[in-house]
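Residue-level structure breakdown
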Amino acid sequence: IMEKEDYIQIVSPIKGSPAEEAGLMANDIITAVNGESIQGYTATEAVALIRGEAGSDVVLTIQRGEDTFDVTVTRDTVPIQTVYYEMLEGQDNTGYVQITSFSTPTYDELVAAIEDLRSQGAEKFVLDVRSNPGGLLTSALQIANMFLNDGDTIMQVQEKDADPYVYGASDADYGDFQVDEDVVLLVDEGSASASEILAAALQESAGVPVVGSQTFGKGT
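First, a word on what this report is: a plain description of the structure on this page. (Residues numbered from 1 in each chain as written. Predicted model: local features only at pLDDT ≥ 70, side-chain atom pairs only at ≥ 80, totals over all residues. Heavy atoms only, no water.)

1. Overview of unusual backbone geometry
For Asn27, which is not glycine, the phi torsion reads 80° and is therefore positive. Tracing the chain through its elements places Asn27 in the loop between helix 1 (18-21) and strand 3 (29-33). (Helix = DSSP H or I, 4+ residues; strand = E, 2+ residues; numbered from the N terminus.)

2. With respect to the nonpolar core
Membership of the largest hydrophobic core comes to 36 residues, with the highest contact counts inside it found for Phe102, Leu110, Met146, Phe147, Ile154 and Val179. Secondary-structure elements contributing two or more residues to this core are strand 8 (94-99), helix 3 (106-119), strand 9 (124-128), helix 4 (137-145), strand 10 (153-157), strand 12 (182-187) and helix 6 (194-206). Those residues in contact with Phe147, other than ones at most four positions away along the chain, are Leu127, Val179, Val183, Leu202 and Ala206. Judged by nonpolar contacts, the second largest core, of 13 residues, contains Leu24, Ile30, Ile38 and Ile62. (Core = buried A, V, L, I, M, F, W, Y, C linked by side-chain atoms within 4.5 Å. Buried < 20%, exposed > 50% of the residue type's maximum accessible area, 1.4 Å probe, protein only. Contact = heavy atoms within 4.5 Å.)

3. A word on the environment of Gly52
Among the structural elements, Gly52 can be located in the loop between helix 2 (43-50) and strand 5 (57-64). Spatially, the C-alpha atoms of Gly52 and Asn27 are 23 Å apart, while their sequence positions differ by 25 residues.

4. What to know about the packing of aromatic side chains
Summed over all chains, the structure comprises one aromatic pair. Considering the side-chain rings of Tyr165 and Tyr167, the 4.9 Å spacing of their centres and the 85° angle between planes classify their relative orientation as edge-to-face. The class for Tyr167 is partly exposed, based on a relative accessible area of 22%. (Phe/Tyr/Trp six-rings, centres within 6.5 Å; stacked < 30°, edge-to-face > 60°.)

5. What to know about helix 6
Here helix 6 is 13 residues long and its end C-alpha atoms lie 17 Å apart, about the 18 Å a rise of 1.5 Å per residue gives. All of the buried residues in helix 6 are Ala194, Ser195, Glu196, Leu198, Ala199, Ala201 and Leu202. Packed against the buried residues of helix 6 are strand 9, helix 4, strand 10, strand 12 and strand 13 (210-212). Immediately downstream of helix 6, the backbone of Gly207 shows phi near 70°, a positive value. (Expected span 1.5 Å × (residues − 1).)

6. Concerning the sheet that holds strand 12
By definition, the strands of a sheet pair up through backbone hydrogen bonds, in either a parallel or an antiparallel sense. Taking strand neighbours across the sheet as the criterion, the five strands line up as 7-8-9-12-13 in an open arrangement whose pairing is mixed. A single partner strand is all that each edge strand has here, and the edge strands are strand 7 (83-87) and strand 13. Neighbour to neighbour, the strand axes of the sheet diverge by 20° on average, direction disregarded. Judged from the three bridges that link them, strand 12 and strand 13 form a sheet pairing that is parallel. Residue Leu186 lies in a different strand from strand 13, and its bridge partner there is Val211. Lying on the sheet, helix 3 is in contact with strand 7, strand 8 and strand 9; it crosses strand 7 at an angle near 5°. (Pairing = 2+ DSSP bridges. Axes fitted to C-alpha atoms, helices over the stretch in contact; angles between N-to-C directions.)

7. Points about the pattern of salt bridges
Taken as a whole, this structure holds three salt bridges when the rule is applied. For Arg64, the salt bridge identified is with Asp28, shortest N-O distance 2.8 Å. Here Asp28 lies in the loop between helix 1 and strand 3 and Arg64 lies in strand 5, a separation of 36 residues in the sequence. Arg118 is the salt-bridge partner of Glu181, the closest N and O atoms lying 2.8 Å from each other. One end of the pair, Glu181, is in the loop between helix 5 (171-174) and strand 12; the other, Arg118, is in helix 3, with 63 residues separating them in the sequence. According to the relative accessible area criterion, Arg118 is partly exposed, its value standing at 28%. (Salt bridge = Lys/Arg side-chain N within 4 Å of Asp/Glu carboxyl O.)

Right, dumping it as structure tokens:
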């Protein structure tokens, strides 16, 4: 979630989470929790209301476009697995890998997924960061590095009144696992933050095709 115009906006529901199972979608606006308006609340304050005991319910008032309605979400533990993969049926030698968020174990999970798919005959890959709201910057840098050569630009940061700082690909800094096979990256309106960093790096520095719809647009 993120703060937007005095309310809380859903960036994207996490795969397998209570929010996804309840049908919440990227760009939904949460206007109330259990009937209590959260106008002006910070993300932290809103989360404090939404979280609770596993098995209990919370009612979220959702604004989706012109419609406003209530959604009952049954609380549960949020899954921690971030990488899911399989060989694509009917597609010659193509491995499919979905990254649902960027956390500490994501790099190792992705390495294991690609190695397993290679052992099954994968010679090219579809990476999917649709509905991936982001996560740790370090994880995004590590994963982008897999597809780039040392010195290639991953991203550039410029703070107020400061010179730009370029994060360059570096096996010494981010790990030496490399993916040289053909790759396509899938994105949608729920791809945000670290997903957008990965998409831009792969598209601009590795020539990887990015397919889908316009991403979330988290500008920070």
